[in-house]
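Listed below, chain by chain, are the residues.
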Amino acid sequence: MIAHIFEELCNGCQACVSACPTHVLEAGAQGGPPVIARLDQCQTCFMCELYCPQDAIFVGPDQTGPEAIDPAAIKASGLLGQMRRDHIWEAPAGDLEPLREYWKLGPYLMEGAQIAAARYAQRHPKKTVP
Amino acid sequence: MSALDFETDVLIIGGGMAAAWAAIAAAQAGADTILVDKGFVGTSGVTATAGPGHWWVPPDPTLRAAAIEKRQQTAFGLAEKIWAERVLETTWRSLPRLAAYYPFSRDGNGQTYYAGVRGPEYMRALRHYALDVGVRILDHHPALELLTHTDGAVAGAAGYARLARRSWTIRSAATVLATGGCAFRSGLIGSRTNTGDGYLMGAEAGAELSGMEFSTIYTLSPAWCSTRTLPYTAARFFDGAGAELDIPPPMTDRAHHWALAMAMLKGPVFADLSEAPDALKPILRRIQPATIAPFERRGVRLFEDRFEVKLFGEGTIRGTGGLRIVDDDCQTSVRGLFAAGDAATRELVVGASSGGGSPNSAWALTSGQLGGAAAARLARVQGRRTGERAHGRGRVGLRPTRAAHAVDEAAAIDAVRDEMLSYDKAFWRTRDSLTSARARLDGVWAELAQHRGAEGLEQVAARETAALVATARWSASAALVRNETRGMHARADAPHLAPDGARRLLVGGVDSIWTRFETAGAQADLSDIAA
């Protein structure tokens, strides 16, 4: 769930308030940082991080409940902005780098399934895998 | 706050890929088009958080026929080849049109790779495309109810703008429901807003649903966070004592999930991904960044440490049920109301088996465009009828029949989750379990109908709860009447195909639920069956 908005990094653009698909955030007063107003509605989808141009939001890994984090430790961990960097979210138009490896999804999904099927067949030499 | 009132030719309700394609098609056909979404077009729904592959077969008659034949074999007599052909052709022609908005890369053979797209980039591309062709997008404008004319045709919708805190009304000549499926609040990634709103709004206006019994399908994820599944297909599984479990491989689909569910009913199950394809390990981050984050941020080494897993219900998202489609234009059984994507039944393409992954995406793209274009045509022929009176059709959660008082909504949602998602109840349905589910959910429904009233922002949650309960009631009712095992619908007390079961099962009604097989004869009435 969303764990923290770093007020010293936030520029008050409220992009996350619009981008959050589940209405977790309330716009900040006088253009200040947004407020986490409805944490129970957070689905841990990381979309607010993706749409934050300041890398000022940190979403914790647990969707089952609120998590206490140490903001200084998060800042030091280098994880702020990780989602945007991994997506290469702000690549210029025409740059094919963001999705360069994406076609491999299907082949690797299948290769993994075949590994599991071969292992199962070894365990059950007389059974045909449906 | 004062209300917002608009009129338009075509109103699209929803904000995922089906809604976006519908809006683009309507606008390109020359219609004034407004799209209202509960969330934000770009991040809303299960496509934005996923990476949809589309059913993608080149226009070679032999290849197409083989692909369609293969799907027919798992459709168990409920799909139609003509729809498969339509979906394949529309998908093939449509995705390349996104090239100006989405950075399609190359596949391993130097060809442009169109079939699979990453969710956030795809939905951002569709948003930009829709805006460029003149669609007016209203984010955070959840629809609460449909409006109808006195002759029953849909006249628009009313809702609540949740950032601006104002009610809105939009009159339209034609309306497309593209509100997605319903995952019964399972925690499935991206599905929190997928509460079956369109099913409820449609049914209140008189629309029929079809295939709601096909709603028992699950996705494996770490127990603490639903993700996509790319790294898990080679997983080995262990129980709490560290003994390896004998789980059939993922390609067996039902057997894989049944064995996992059986083990999870006994205790926690752990996955070990050390045997995942070696070449995948260093580049998973480049393919599915959001799958890495829940591990990295928890200090779990994805391919080294054992971690607890569970199954997240997909309901009608990768199930196949939804609003019944009555013609080639994706119109529902109510005039002026069209349905697209997971809001519509996908039985026409995949029948009784999941269209998860590629056929569902291809269907969303196709049904969106067919419905959007047909809505634009209807608007041109018929006009907006804005001089006539229209009436709101929503009731439960908006207009209680008795004195409004507090209703325990969390308990209502817990009842839905328990009856629809519990592994034993979903994988091993019986007449007894479904009859008891119906009785419990009917009680929840009656309480909401009589006493749940809401104002302002609270209306949104009240309607979500109503839609969740309504969807669960239709699913349980259809599952009770389909007294056989077909595709994903498994009845422990009727484990075989029934000889006369290759017929789509319709369900509808709001307070009093009816069911009917689509072909003539064989009328089923729940009161008879329960007796």
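All figures in this text were calculated on a predicted structure; none of them were measured in a lab.

Conventions and cut-offs
Residues numbered from 1 in each chain as written. Chains lettered and ligands numbered in written order. Predicted model: local features only at pLDDT ≥ 70, side-chain atom pairs only at ≥ 80, totals over all residues. Helix = DSSP H or I, 4+ residues; strand = E, 2+ residues; numbered from the N terminus. Rg over C-alpha atoms; globule rule 2.2 N^0.38 Å. Buried ≥ 20, exposed ≤ 12 C-beta atoms within 10 Å, placed from the backbone. Contact = placed C-beta atoms within 7 Å. Nonpolar A, V, L, I, M, F, W, Y, C, P; charged D, E, K, R; others polar. Pairing = 2+ DSSP bridges. Axes fitted to C-alpha atoms, helices over the stretch in contact; angles between N-to-C directions. Domains from an automatic or database assignment. Parallel < 35°, antiparallel > 145°, perpendicular 65-115°, else oblique. Left-handed = near helix turned anticlockwise from the far one by under 90°.

Trainee: What am I meant to see in the overall build of chain A here?
Mentor: A tally of regular secondary structure across chain A gives 5 helices and 4 strands. Listing every helix and strand of chain A by position from the N terminus yields β-α-β-β-α-β-α-α-α. A compact globule built from 130 residues should have a C-alpha radius of gyration of about 14 Å, whereas chain A, at 20 Å, is more than 25% larger. Along the first, second and third principal axes, the C-alpha set of chain A runs to 70 × 40 × 30 Å. By the burial criterion, 35% of the 130 residues in chain A qualify as buried. Considering only residue pairs separated by 6 or more positions, chain A has 52% of its internal contacts joining residues 24 or more positions apart.

Trainee: Would you explain the interface of chain A and chain B in this entry?
Mentor: Counting residues at the interface gives 45 residues for chain A, matched by 53 residues for chain B. Elements that contribute at least two residues to the side of chain A that touches chain B include exactly helix 1 (15-19), helix 2 (47-50), helix 4 (82-87) and helix 5 (105-123) of chain A. With 12 residues, the top contributor of residues to the side of chain A that touches chain B is helix 5 of chain A. In terms of residue class, the side of chain A that touches chain B is built from 24 nonpolar, 13 polar and 8 charged.

Trainee: Help me out: how do you make sense of the environment of B:W445 in this one?
Mentor: Residues and elements named next belong to chain B. With respect to the secondary-structure elements, W445 resides in helix 14 (residues 431-451). Separated by 33 residues in sequence, W445 and A412 place their C-alpha atoms 8.4 Å apart. If we skip the residues at most four places from it in the chain, W445 touches V469 and R473.

Trainee: Explain the sheet that holds strand 10 (residues 269-272) of chain B here, please?
Mentor: Strands pair in a sheet through their backbones, by hydrogen bonds, and they do so in one of two ways: parallel or antiparallel. All names here are of chain B. Ordered by their spatial adjacency, 4 strands build an open sheet running 8-11-10-9, and the pairing between neighbours is antiparallel. Edge strands, defined here as strands with exactly one partner in the open sheet, are strand 8 (218-222) and strand 9 (236-239). Going across the sheet, the axis of each strand differs from the next one's by a mean of 45°, ignoring polarity. Both strand 10 and strand 11 (residues 307-313) contribute to a ladder of 3 bridges, which runs antiparallel. Residue pairing in the sheet places V269 in a bridge with V309 of strand 11. Running over the sheet, helix 7 (residues 254-266) touches strand 8, strand 9, strand 10 and strand 11 and is turned about 115° from strand 11.

Trainee: Whenever I open this one, the domain arrangement of chain A confuses me. Can you help?
Mentor: Interfaces are often sized by the accessible area lost when the parts come together. Under the domain assignment used here, chain A contains domain 1 (2-90) and domain 2 (100-130). Computed from C-alpha atoms alone, the centre-to-centre distance between domain 1 of chain A and domain 2 of chain A is 37 Å.

Trainee: What should I look at first to understand the packing of helix 1 (residues 17-28) of chain B against helix 5 (residues 119-132) of chain B in this one?
Mentor: Residue and element names in this part refer to chain B. At a minimum axis distance of 9 Å, the contact between helix 1 and helix 5 shows a crossing angle of 20°. Relative to helix 5, the element helix 1 is oriented roughly parallel. Like other packed secondary-structure pairs, helix 1 and helix 5 cross with a definite hand, here left-handed. Every residue of helix 5 that contacts helix 1 at M17, A20, A23 and I24 is listed here: M123, L126, R127, Y129 and A130.

Trainee: I keep staring at the pairing of strand 10 of chain B and nothing clicks. Help me out?
Mentor: Consecutive residues of a regular strand have side chains that alternate between opposite faces of the sheet. Residues and elements named next belong to chain B. Here strand 10 shows one buried face, formed by V269 and A271, and one open face, formed by F270 and D272. Pairing analysis gives 4 bridges linking strand 9 to strand 10, with the strands arranged antiparallel. Across the sheet, residue R236 finds its bridge partner in strand 10, namely D272.

Trainee: What is the right way to read the domain arrangement of chain B from this model?
Mentor: Residues and elements named next belong to chain B. When cut into domains, chain B gives domain 1 (4-215 + 316-392), domain 2 (218-313) and domain 3 (409-530). A C-alpha centroid distance of 30 Å is found between domain 2 and domain 3. Counting residues at the interface gives 6 residues for domain 2, matched by 5 residues for domain 3. Secondary-structure elements contributing two or more residues to the side of domain 2 that touches domain 3 are helix 7 and strand 11. Counting residues per element, the side of domain 2 that touches domain 3 draws most heavily on helix 7, which supplies 4 residues. Each residue belonging to the side of domain 2 that touches domain 3 can be placed in one class, and the counts come to 5 nonpolar, 1 polar and no charged.

Trainee: When you look at unusual backbone geometry in this model, what are you seeing that I'm missing?
Mentor: With glycine set apart, most residues show a phi of negative sign, and most peptide bonds adopt trans. Of note, the phi angle at A:Q30 is positive, near 50°, even though the residue is not glycine. On the secondary structure map, A:Q30 appears in the loop between strand 2 (25-26) and strand 3 (35-36). Taking the C-beta count within 10 Å as the criterion, A:Q30 has 6 such neighbours and is therefore assigned exposed. With a phi angle near 55°, B:R185 is a residue other than glycine that sits in the positive phi range. Tracing the backbone through its elements, the reader meets B:R185 in the loop between strand 6 (166-177) and helix 6 (197-204).

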